[in-house]
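# Coordinates in review
Okay, here's what each chain looks like letter by letter:
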Amino acid sequence: MRFEYAPDESYQDVGGGQVLHSAPGFPGFPARLALELFERARVLAGTGRVGLWDPMCGAGGIVATLALLRRDALTRVLASDVSDRALELAVKNLRLTTPEGLAQRRGQLRAQSAVTGRLESVDRLLEKVRRGPPVPADLARADATDPADVARLDLAGIGVVIADLPYGTQADWSSEAPTPAARTLRTLAGALGAGAVIVLSTVNREDLRGCPPALRSFKHGRRHLRMYRVEEPTAR
Ligand SMILES: C[S@@+](CC[C@H](N)C(=O)[O-])C[C@H]1O[C@@H](n2cnc3c(N)ncnc32)[C@H](O)[C@@H]1O
């Protein structure tokens, strides 16, 4: 896959463990790839500013990164996950997308030793965040394969979904479904408005078994990426 929208520059400021919180068992997602997928999805959705939802948010890396890098393109972010531990970490990371949260993080990092590069990263992020509009962020516990759970979420304005599917190594599926990715896709598409774009990312190609053919399909490193657009329900 060639990067068309995410420039070849340093993404260190939003890299795991630099300013954002990371923890064992919570795999991160490459920041440049998150940006590229978001921009491609926005083009496909044909929207300007848009709401972004990560229904398997883990530590919240994707939504936090994009709320830091592309505030001007976002109306809101929503992060959900089935794991309470994941949501605890995601809350902390989403707080780092606000000036108050970053200022507090700066204080924490200052109190630690050998953090010069990290303080500079916080300062650059603070500058970005102060320049851009605030991005409202919501978090919720939801099983992305369960239509009843997903129906309880406020999905107003969500036009782009990026889902980094569980790997089965660090973060496993929490689902009884024999083809959980296909079930997730059906559940998300059923809950979203026509025109919304869903991006699935997985390192296990087998996991995509049962998913319909995608509108766009590409590979980056070990990751298989699929893009779908939610269509108008067909009249019977
Ligand atoms: C690969 S991780 C996502 C990492 C995330 N993209 C990040 O940048 O931090 C996959 C996540 O899916 C969650 N998960 C597993 N089964 C789920 C389900 N049925 N519904 C929602 N989330 C689920 C796991 O708890 C895990 O946090």
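One can find the structure itself at the top, above this paragraph.
It should be emphasised that the depicted structure is a prediction, and the values quoted were computed from it without experimental measurement.

## Re the overall build of the chain
- Helix and strand counts for the chain stand at seven helices and seven strands.
- Taken from N to C terminus, the helices and strands of the chain fall in the order α-β-α-β-α-α-α-β-α-β-α-β-β-β.
- For the chain, the C-alpha radius of gyration of 17 Å lies close to 18 Å, the compact-globule estimate for 236 residues.
- Relative to its 236 residues, the chain shows a buried fraction of 40%.
- Considering only contacts within the chain whose residues lie at least 6 apart along the sequence, 75% involve residues at least 24 apart.

## Quick notes on the sheet that holds strand 4 (residues 158-164)
- Taking strand neighbours across the sheet as the criterion, the seven strands line up as 3-2-1-4-5-7-6 in an open arrangement whose pairing is mixed. This sheet does not close on itself; its edge strands, each paired only once, are strand 3 (137-141) and strand 6 (216-220). Strand-to-strand twist in this sheet, taken as the mean axis angle between neighbours without regard to direction, amounts to 15°.
- Here strand 4 pairs with strand 5 (residues 197-202) via five bridges, running parallel. Each bridged residue has a counterpart across the sheet, and for V161 the counterpart in strand 5 is I198.
- Its contacts with the sheet place helix 3 (residues 84-95) against strand 2 (74-81) and strand 3, and it is angled at close to 175° to strand 3.

## Brief notes about the site of the ligand
- Residues in contact with the ligand amount to 26 residues; listed here are only the nearest, M56, G58, G61, S83 and D164.
- Its residues assigned to classes, the shell around the ligand comprises 15 nonpolar, eight polar and three charged.

## Notes on helix 5 (residues 116-131)
- Under the 1.5 Å per step criterion, the end-to-end length of helix 5 is 23 Å for 16 residues, consistent within 8% with the ideal 22 Å.
- Buried residues belonging to helix 5 abut helix 2 (61-69) and helix 4 (99-111).

## Remarks on the nonpolar core
- Among the nonpolar cores identified, the biggest contains 62 residues, and L52, V63, L66, V161, I162 and V199 are the most heavily contacted of them.
- Not counting residues up to four positions away in its chain, the partners in contact with V63 are L52, D54, C57, V77, A79 and L94.

## Describing the packing of helix 4 against helix 5
- In contact at an axis separation of 10 Å, helix 4 and helix 5 are set at 170° when each is read in the N-to-C sense. The orientation of helix 4 relative to helix 5 falls into the category roughly antiparallel. Contacts between helix 4 and helix 5 pair P99, L102, A103, R105, R106, L109 and R110 from the former with R118, L119, V122, L125, L126, V129 and R130 from the latter.
- Among the residues forming the contact of helix 4 with helix 5, the class breakdown is nine nonpolar, no polar and five charged.

## What to know about the environment of R110
- Mapped onto the fold, R110 is located in helix 4.
- Given 12 C-beta atoms within a 10 Å radius, R110 is considered exposed.
- C-alpha separation for the pair R110 and G28, spaced 82 residues apart in sequence, amounts to 24 Å.

Reading the values: the criteria
- The numbers attached to residues start from 1 for each chain and follow its sequence in the written order.
- Confidence filtering applies because this is a predicted model: local features only for residues at pLDDT of at least 70, side-chain atom pairs given and counted only at 80 or more, and all residues used for totals across whole chains, interfaces and linings.
- Only runs of H or I of at least four residues qualify as helices and only runs of E of at least two qualify as strands under DSSP, and these elements are numbered from the N terminus.
- Restricting the calculation to C-alpha atoms gives the radius of gyration, and the globule rule supplies 2.2 Å times the number of residues raised to the power 0.38.
- Labels follow a simple rule on C-beta atoms placed from the backbone: if 20 or more others lie within 10 Å of a residue's own, it is buried; if 12 or fewer, it is exposed; otherwise it is partly exposed.
- A pair of residues counts as a contact when their C-beta atoms, built from backbone coordinates, are within 7 Å of each other.
- The pairing criterion is simple: DSSP has to find at least two bridges between the two strands.
- The axes are straight lines fitted to the C-alpha atoms, using for helices just the contacting stretch, and the angles between their N-to-C directions are given from 0 to 180°.
- The C-beta atom of each residue is placed using the backbone, and any residue whose C-beta lies within 6 Å of a molecule or strand is treated as near it.
- All residues other than Ala, Val, Leu, Ile, Met, Phe, Trp, Tyr, Cys, Pro, Asp, Glu, Lys and Arg, Gly among them, are scored as polar; the first ten of these are nonpolar and the last four charged.
- To estimate how far a helix should extend, the number of its residues minus one is multiplied by 1.5 Å.
- Note on terminology: a nonpolar core is any set of buried Ala, Val, Leu, Ile, Met, Phe, Trp, Tyr and Cys residues joined through C-beta atoms within 7 Å.
- Note that the term roughly parallel is reserved for angles under 35 degrees, roughly antiparallel for angles over 145, roughly perpendicular for angles of 65 to 115, and oblique for everything else.

These results come straight from atomic positions and should not be treated as a statement about function.
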